[in-house]
Amino acid sequence: MVEIGIDGVSFEMIEQGEGVEGFLKGIAEELQEKRYCAQPVRRVMIPKGDGRERPLGIPTIRDRVVQMAVKLVIEPIFEADFTPHSYGFRPKRSAHDAIDDIANALWAGHTQVIDADLSSDFDTIPHANLMAVVAERIVDGAILALLKQWLKAPVIGVNDQGKRMTVGGGKGNRVGTPQGGVISPLLSNLYLHLLDRIWDRHRLKQKLGAHIVLYADDFVVLCKQGVEEPLKVVRHVVDRQGLTLNETPD
């Protein structure tokens, strides 16, 4: 079952064992006494439509609960900063809203489209840069320490012989936030918000006639005055962030 983490503990096992209340009480005590330590993440491979596979990281239920608690606390802080044309994994926003935004831009004459995404975005976000962005708004050392633990958690996969082995993560790891963790989409949105923020602060929609719509690591730039200059800006910002624009044709 995909939802089971590396410890093999399922929701049913928790309910039939110590019970939900006891489970949550134990987590709370670990956090209060600063004994909490993130467990390794289980890697599974998920088929993609083109026949390839993408890695998905499955934290244990225990870690998912703590990640959700942190997400509920810090998400409203960052939501206040996010721009209105970012839609991926945000409260009360959906892919349909992003499509409506794109349709409105097309009707307004932005008919030249840059359809872009980032290569392995979740796996390549530089930790130091990400934590610097987080620290702009979060100064609580306990929260920052938890985030660092999840970023550094070992990733455990299975080799061809069915043997478990470390395939990523760990204390020496400097990049990536495993796709599949509860906190990962928020961290990804937070880092990619830099592109959004630059677009707004420099009034590039007005200057370049280019409207950007983001959905997680996929985004489109709808242009009125040609795609060359907007694409140049996108490449520059993405490169400065330590990410890679996927320019492989589908």
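Residues numbered from 1 in each chain as written. Predicted model: local features only at pLDDT ≥ 70, side-chain atom pairs only at ≥ 80, totals over all residues. Heavy atoms only, no water.

Thoughts on empty space enclosed by the protein
Counted under the stated rule, the structure contains two cavities of 30 Å³ or more. In this model, the largest cavity occupies a volume close to 110 Å³. What lines the largest cavity is a set of 15 residues, among which Val41, Pro59, Gln67, Trp150 and Pro178 lie closest to the centre. Sorting the residues of the lining of the largest cavity by element identifies helix 3 (61-79) and helix 7 (141-152) as the ones contributing at least two each. A per-class count over the lining of the largest cavity returns eight nonpolar, six polar and one charged. Approximately 60 Å³ is the volume found for the second largest cavity. If you go around the second largest cavity, the residues you meet are Phe82, Ser86, Asn189, Leu192, His193, Asp196, Leu214 and Ala216. No other element matches helix 8 (residues 184-201), which puts four residues into the lining of the second largest cavity. Grouping the amino acids of the lining of the second largest cavity by side-chain chemistry returns four nonpolar, three polar and one charged. (1 Å grid on protein atoms, 1.4 Å probe; cavity = no way out; pocket = protein on both sides within 12 Å on 5 of 7 lines; lining within 4 Å. Points joined across faces, edges and corners; volume = space filled by probe spheres on them. Helix = DSSP H or I, 4+ residues; strand = E, 2+ residues; numbered from the N terminus. Nonpolar A, V, L, I, M, F, W, Y, C, P; charged D, E, K, R; others polar.)

Some details on the pattern of salt bridges
Tallied over the entire structure, the rule returns eight salt bridges. A salt bridge links glutamate 33 to arginine 35, with the nearest nitrogen and oxygen atoms 2.6 Å apart. The structure contains a network of salt bridges with shared partners spanning Glu30, Arg62 and Asp63. (Salt bridge = Lys/Arg side-chain N within 4 Å of Asp/Glu carboxyl O.)

Some remarks on the environment of glutamate 229
Turning to its location among the elements, glutamate 229 is positioned in helix 10 (residues 228-240). Given the relative accessible area of 39%, glutamate 229 is considered partly exposed. Sequence-wise, glutamate 229 and asparagine 104 are 125 residues apart; in three dimensions their C-alpha atoms are separated by 22 Å. (Buried < 20%, exposed > 50% of the residue type's maximum accessible area, 1.4 Å probe, protein only.)

Some thoughts on the nonpolar core
By size, the foremost hydrophobic cluster in this structure holds 49 residues, and its most contacted members are Val134, Trp150, Phe219 and Val221. The biggest single contributor to this core is helix 8, with eight residues. Excluding its chain neighbours within four sequence positions, the residues that come into contact with tryptophan 150 are Tyr36, Ala38, Val66, Gln67, Val70 and Ile183. (Core = buried A, V, L, I, M, F, W, Y, C linked by side-chain atoms within 4.5 Å. Contact = heavy atoms within 4.5 Å.)

Let's talk about the side chain of arginine 62
For arginine 62, the position within the fold is in helix 3. A distance of 3.0 Å separates a polar side-chain atom of arginine 62 from the backbone oxygen of cysteine 37. Once residues within four sequence positions are removed from consideration, arginine 62 is found in contact with Phe23, Ile27, Glu30, Tyr36, Cys37 and Gln39. (Polar contact = N/O pair within 3.5 Å; in protein donor to acceptor, adjacent residues only side chain to side chain.)

A closer look at helix 6 (residues 127-135)
Taken residue by residue, helix 6 has His127, Leu130, Met131, Val133 and Val134 as its buried positions. Along helix 6, the residues classed as buried sweep out an arc of 155° about the axis, all on the same side. Residues of helix 6 that are buried in the fold lie against helix 3, helix 7 and helix 8. (Arc of directions from axis to C-beta.)

Overview of the sheet that holds strand 4 (residues 155-158)
Pairing is mixed in the open sheet, where four strands are placed in the order 2-1-4-5. Each edge of the open sheet carries a strand with a single partner, namely strand 2 (53-58) and strand 5 (164-168). Each strand of the sheet is rotated relative to its neighbour by a mean of 45°, with strand direction disregarded. (Pairing = 2+ DSSP bridges. Axes fitted to C-alpha atoms, helices over the stretch in contact; angles between N-to-C directions.)

Comments concerning the packing of helix 8 against helix 10
It is at 10 Å that the axes of helix 8 and helix 10 come closest, and there the two elements cross at 135°. On the basis of their axis angle, the class for helix 8 and helix 10 is oblique. Where helix 8 crosses over helix 10, the two elements pack in a sense that is right-handed. Residue-level inspection shows Leu195, Ile198 and Trp199 of helix 8 in contact with helix 10, the latter providing Pro230, Val233, Val234 and Val237. Residue composition of the contact of helix 8 with helix 10, by class: seven nonpolar, no polar and no charged. (Parallel < 35°, antiparallel > 145°, perpendicular 65-115°, else oblique. Left-handed = near helix turned anticlockwise from the far one by under 90°.)

Some words on the layout of surface pockets
There is about 230 Å³ of room inside the second largest pocket. In terms of lining residues, the second largest pocket is bounded by Glu30, Leu31, Lys34, Tyr36, Val66, Ala69, Val70, Ala142, Ala145, Leu146 and Gln149. When residues of the lining of the second largest pocket are traced back to their parent elements, those giving at least two are helix 2 (19-32), helix 3 and helix 7. Broken down by element, the residue count for the lining of the second largest pocket peaks at four residues, all from helix 7. For the lining of the second largest pocket, a count of residues per class yields eight nonpolar, one polar and two charged.

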